[in-house]
Amino acid sequence: MFNRFAIVNVRTIGHHTVNGLWRLGYASRFFALILLQSGTSFRRLRLIIRELYFTGVLSLIIILVSGLFVGMVLGLQGYQTLQTYGSESALGVLVALSLVRELGPVVSALLFASRAGSAMTAEIGLMKATEQLSAMEMMAVDPIARVVAPRFWAGVISMPLLAAMFSAMGVFGGYLVGVVLIGVDEGSFWSQMQNAVDFREDIVNGVIKSFVFGVAVTWIALFEGYDAPPTAEGVSGATTRTVVTSSLAILGLDFVLTAFMFRGV
Amino acid sequence: MAHSDNLVEISGLNFWYDKSRPILSGIDMAIPRGKVVSIMGISGSGKTTLLRLIGGALKPRQGQVKVAGKVIHELDRDGLYRMRRRMGMLFQFGALFTDLSVFDNVAFQMREHTDLPEAMIRDMVLMKLHSVGLRGAHRLLPSELSGGMARRVALARAIALDPMLIMYDEPFAGLDPISLGVIGNLIRRLNDALGATSIVVTHDVQESLKMVDYVYYLSEGLIVAKGAPKEMQASAEPLVRQFVYGEPDGPVPFQYPSADYRDDLMLNR
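Before going further, it helps to examine the overall build of chain A. If you tally the helices and strands in chain A, you get 10 helices and zero strands. Counting from the amino terminus, chain A carries its helices and strands in the arrangement α-α-α-α-α-α-α-α-α-α. A principal-axis box enclosing the C-alpha atoms of chain A has dimensions of 65 × 60 × 30 Å. In chain A, which comprises 265 residues, the share counted as buried stands at 44%. If you take every contact in chain A between residues at least 6 apart in sequence, the share linking residues at least 24 apart comes to 87%.

The structure is reproduced here in structure tokens:
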């Protein structure tokens with residue numbers, strides 16, 4: 001009895017592992033195809049610009065508002081802690097470094113995954129379910145080149161820009177709370193920030209992070225949509241998986257990237 | 001030329017996903033140039049699969065499909081795409097691109113495959129839309145169209161590049177009687193006007209028998225009958241009779257295979 005139970009369990013584990021590996025392989029092949037078929041997108045920039053509007057411009061409001069609030073909270077919390085050590089003049093440094101290094105790339109990527117990523121998955125999944133992708137294929141137009149690749153590049157381009165705007169808005173939020181509301185000295189707020197934030201170490205690394213998150217989120221979103229079973233449940237399941245998988249991927253990748261970037265700093 | 005008479009030639013075609021349940025077995029079929037040929041059969045008889053094989057979306061397990069003298073599954077990707085530019089396909093529910101207007105849907109292939117100036121594309125799109133009676137609707141979005149109109153736009157899109165072969169997957173499904181007549185009429189008229197060849201996969205007997213030249217009747221992956229529409233109507237083959245006259249019971253049973261009715265109701269205890 002126990003033996004049979006154990007065998008069933010082992011078999012289930014094996015099945016899930018093989019399945020997971022198979023999907024990973026399929027997703028990697030899909031990624032390679034996107035890169036191979038990207039020529040059309042760059043020859044016809046209009047395709048990417050259109051998608052930039054949908055993924056980037058339409059995500060602006062949620063990114064800017066969230067950035068402002070995150071910055072304001074950082075201002076409040078930071079002031080509370082720094083004041084204990086009498087170093088509230090370092091508030092600008094705290095706000096800027098937390099945003100540029102961590103919160104900017106990570107939070108904006110999480111928001112991007114749930115706002116733009118889920119929309120991409122649902123759109124491509126529905127295009128597949130209503131045979132629009134097959135129709136395109138029958139018209140001798142490759143859907144990966146015409147539909148998927150422009151969305152991928154739009155995601156990859158807009159992610160670092162959105163993260164930068166999130167950080168800028170956050171710094172402004174920290175300034176509002178710290179300087180305007182609480183009354184931290186404005187000169188030291190800005191000058192300490194200017195001294196402490198390094199372009200190479202902090203800003204470039206933050207941009208690299210958000211670029212990597214952009215690749216991961218758009219890849220996951222597009223793959224889930226393209227691979228979704230062509231039914232209502234299929235598309236809704238794929239949309240959920242996009243948000244869950246890309247959130248986990250963002251946080252996991254963030255740890256790995258941070259470990260490499262900020263060793264001994 | 002040996003292939004001049006038949007645009008599509010299918011020989012010894014077998015297809016299956018799971019070998020124990022074949023979807024198409026030993027199909028031999030010839031579709032002559034300039035004709036409208038219908039492939040009929042009940043749902044699940046393998047009709048759509050056959051269209052996908054002709055379009056190169058699936059590869060045959062055995063046998064071959066030749067279109068214009070070329071074996072479809074032996075073509076490389078570029079060859080297949082070149083072939084597909086000369087094919088038009090109307091999908092069951094139109095499959096219009098929902099983010100593009102009617103005009104842009106019809107212009108899609110012209111913009112993708114040609115370098116024609118926009119003014120010429122405009123003229124051609126309006127001509128195609130005029131031929132399906134929807135020139136006035138070119139600014140609408142697919143979501144603003146009725147089912148019949150969407151089907152007509154999809155038809156205009158399928159003939160955008162004047163294909164040699166037009167394939168229709170259930171063109172009559174879910175249409176009201178007027179739209180049904182309009183689409184049936186258009187299939188015939190466009191085929192003759194373009195000098196194309198058409199394959200109509202359908203289970204709408206009355207509408208299609210009116211306008212096709214030849215019929216293949218498919219059941220469980222086999223061709224069980226073929227002939228001109230008149231021969232089909234007069235056929236003594238029980239399967240064809242049941243299908244043509246829409247009899248609820250016959251060789252195709254009304255009941256899905258099931259256990260004994262009395263047993264299921266527990267009356268035999």
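Let's shift gears to the overall build of chain B. The helix and strand tally for chain B stands at 10 helices and 10 strands. By principal-axis analysis of the C-alpha atoms, chain B measures approximately 75 × 45 × 35 Å. Of all intrachain contacts in chain B linking residues separated by at least 6 positions in sequence, the fraction that spans at least 24 positions is 64%.

Turning our eyes to something else, we now look at the sheet that holds strand S3 (residues 36-40) of chain B. Residue and element names in this part refer to chain B. Ordered in space as S6-S7-S8-S3-S9-S10, the six strands form an open sheet in which the pairing is mixed. Bordering the open sheet on either side are strand S6 (87-90) and strand S10 (222-227), each of which pairs with just one other strand. Averaged over all pairs of adjacent strands, the angle between their axes in this sheet comes to 15°, without regard to strand direction. Relative to strand S8 (residues 197-202), S3 is paired through five bridges, and the arrangement is parallel. Bridge assignment links Ile 39 to a residue of S8, and that residue is Val 201.

All names here are of chain B. For Tyr 217, the location among the structural elements is in strand S9 (residues 214-219). Residue classification places Tyr 217 among the buried positions, given that 24 C-beta atoms sit within 10 Å. Between the C-alpha atom of Tyr 217 and that of Gly 41, which follows or precedes it by 176 residues, the distance is 5.6 Å. Setting aside chain neighbours within four positions, we find Tyr 217 in contact with Met 40, Gly 41, Ile 223, Val 224, Ala 225, Lys 226, Met 232, Val 240 and Phe 243.

Here we come to the sheet that holds strand S4 (residues 62-67) of chain B. Residues and elements named next belong to chain B. Spatially, S2-S1-S4-S5 is the arrangement adopted by the four strands of the open sheet, whose pairing is antiparallel. Since the sheet does not close on itself, it has two edges, and those belong to strand S2 (21-32) and strand S5 (70-71), each with one partner. Of the strand pairs in this sheet, strand S1 (residues 6-18) and S2 are connected by eight bridges, and their pairing is antiparallel. Across the sheet, Trp 16 pairs through a bridge with Pro 22, a residue of S2.

Packed helix pairs are characterised by how far apart their axes lie and by the angle those axes make with each other. Residue and element names in this part refer to chain A. Their axes nearest at 10 Å, the elements helix H4 (residues 60-84) and helix H5 (residues 91-129) cross at an angle of 145°. Crossing hand, H4 versus H5: right-handed. Residues Ile 62, Ile 63, Ser 66, Val 70, Gly 71, Leu 74, Gly 75, Gly 78, Tyr 79 and Leu 82 of H4 form the contact with H5, whose participating residues are Leu 91, Leu 94, Val 95, Ser 98, Leu 99, Leu 103, Val 107, Ser 108, Leu 111 and Arg 115.

With that out of the way, let us pick up the interface of chain B and chain A. Each partner contributes to the interface: chain B provides 14 residues, whereas chain A provides 10 residues. Elements that contribute at least two residues to the side of chain B that touches chain A include exactly helix H2 (77-84) and helix H3 (102-113) of chain B. Per-element tally for the side of chain B that touches chain A: the top contributor is H3(B), with four residues. Of the residues in the side of chain B that touches chain A, the class split is eight nonpolar, three polar and three charged.

This part covers the pairing of S6(B). Residue and element names in this part refer to chain B. The two faces of S6 match: Met 87 and Met 89 on one face and Gly 88 and Leu 90 on the other face are all buried. Examined bridge by bridge, S6 and strand S7 (residues 165-169) share four bridges and lie parallel to one another. Paired with Leu 90 across the strands is Tyr 168, a residue of S7.

Of all eight residues in helix H1 (residues 47-54) of chain B, six are buried; the element is thus mostly enclosed. Phi turns positive one or two residues past the end of H1(B), at Gly56(B), with a value near 80°.

Below, the discussion takes up the pairing of S1(B). All names here are of chain B. In this antiparallel pair of consecutive strands, S1 and S2, the connection spans two residues. Here S1 pairs with S4 via five bridges, running antiparallel. The residue bridging Asn 14 from the neighbouring strand is Gln 62, located in S4.

A separate point is the environment of Arg101(A). Residue and element names in this part refer to chain A. Take Arg 101: it is sitting in helix H5. Placed 54 residues apart in sequence, Arg 101 and Gly 155 show a C-alpha to C-alpha distance of 20 Å. Those residues in contact with Arg 101 that sit more than four places away from it in its chain are Asp 202, Asn 205 and Gly 206.

Where the model shows low pLDDT, its predicted coordinates should not be examined in detail. All names here are of chain B. Chain-level pLDDT for chain B is 86 on average; 98% of the residues reach the 70-or-more range. The lowest-confidence element of chain B is helix H9 (residues 238-244), averaging 78 in pLDDT; the highest-confidence one is H3, averaging 93. Listed scores for the predicted complex are pTM 0.86 and ipTM 0.82.

Residue and element names in this part refer to chain B. Contact pair H3 / helix H4 (residues 118-131): the axes reach a minimum separation of 9 Å and the direction vectors enclose 125°. What the angle tells us is that H3 and H4 run oblique. Crossing handedness for the pair H3 and H4: right-handed. Contacts from Phe 103, Val 106, Ala 107, Met 110 and Arg 111 in H3 reach Ile 121, Met 124, Val 125, Lys 128 and Leu 129 in H4. Of the residues in the contact of H3 with H4, the class split is eight nonpolar, no polar and two charged.

All names here are of chain A. Its location among the elements puts Val 148 in helix H7 (residues 143-182). Taking the number of C-beta atoms within 10 Å as the measure of exposure, Val 148 has 25 and is therefore buried. Separated by 70 residues in sequence, Val 148 and Thr 218 place their C-alpha atoms 9.7 Å apart. The residues contacting Val 148, other than those within four sequence positions of it, are Ile 34, Pro 143, Leu 222 and Tyr 226.

Quick notes on the rules
Residues numbered from 1 in each chain as written. Chains lettered and ligands numbered in written order. Predicted model: local features only at pLDDT ≥ 70, side-chain atom pairs only at ≥ 80, totals over all residues. Helix = DSSP H or I, 4+ residues; strand = E, 2+ residues; numbered from the N terminus. Buried ≥ 20, exposed ≤ 12 C-beta atoms within 10 Å, placed from the backbone. Contact = placed C-beta atoms within 7 Å. Pairing = 2+ DSSP bridges. Axes fitted to C-alpha atoms, helices over the stretch in contact; angles between N-to-C directions. Left-handed = near helix turned anticlockwise from the far one by under 90°. Nonpolar A, V, L, I, M, F, W, Y, C, P; charged D, E, K, R; others polar. pLDDT = per-residue confidence, 0-100. Parallel < 35°, antiparallel > 145°, perpendicular 65-115°, else oblique.

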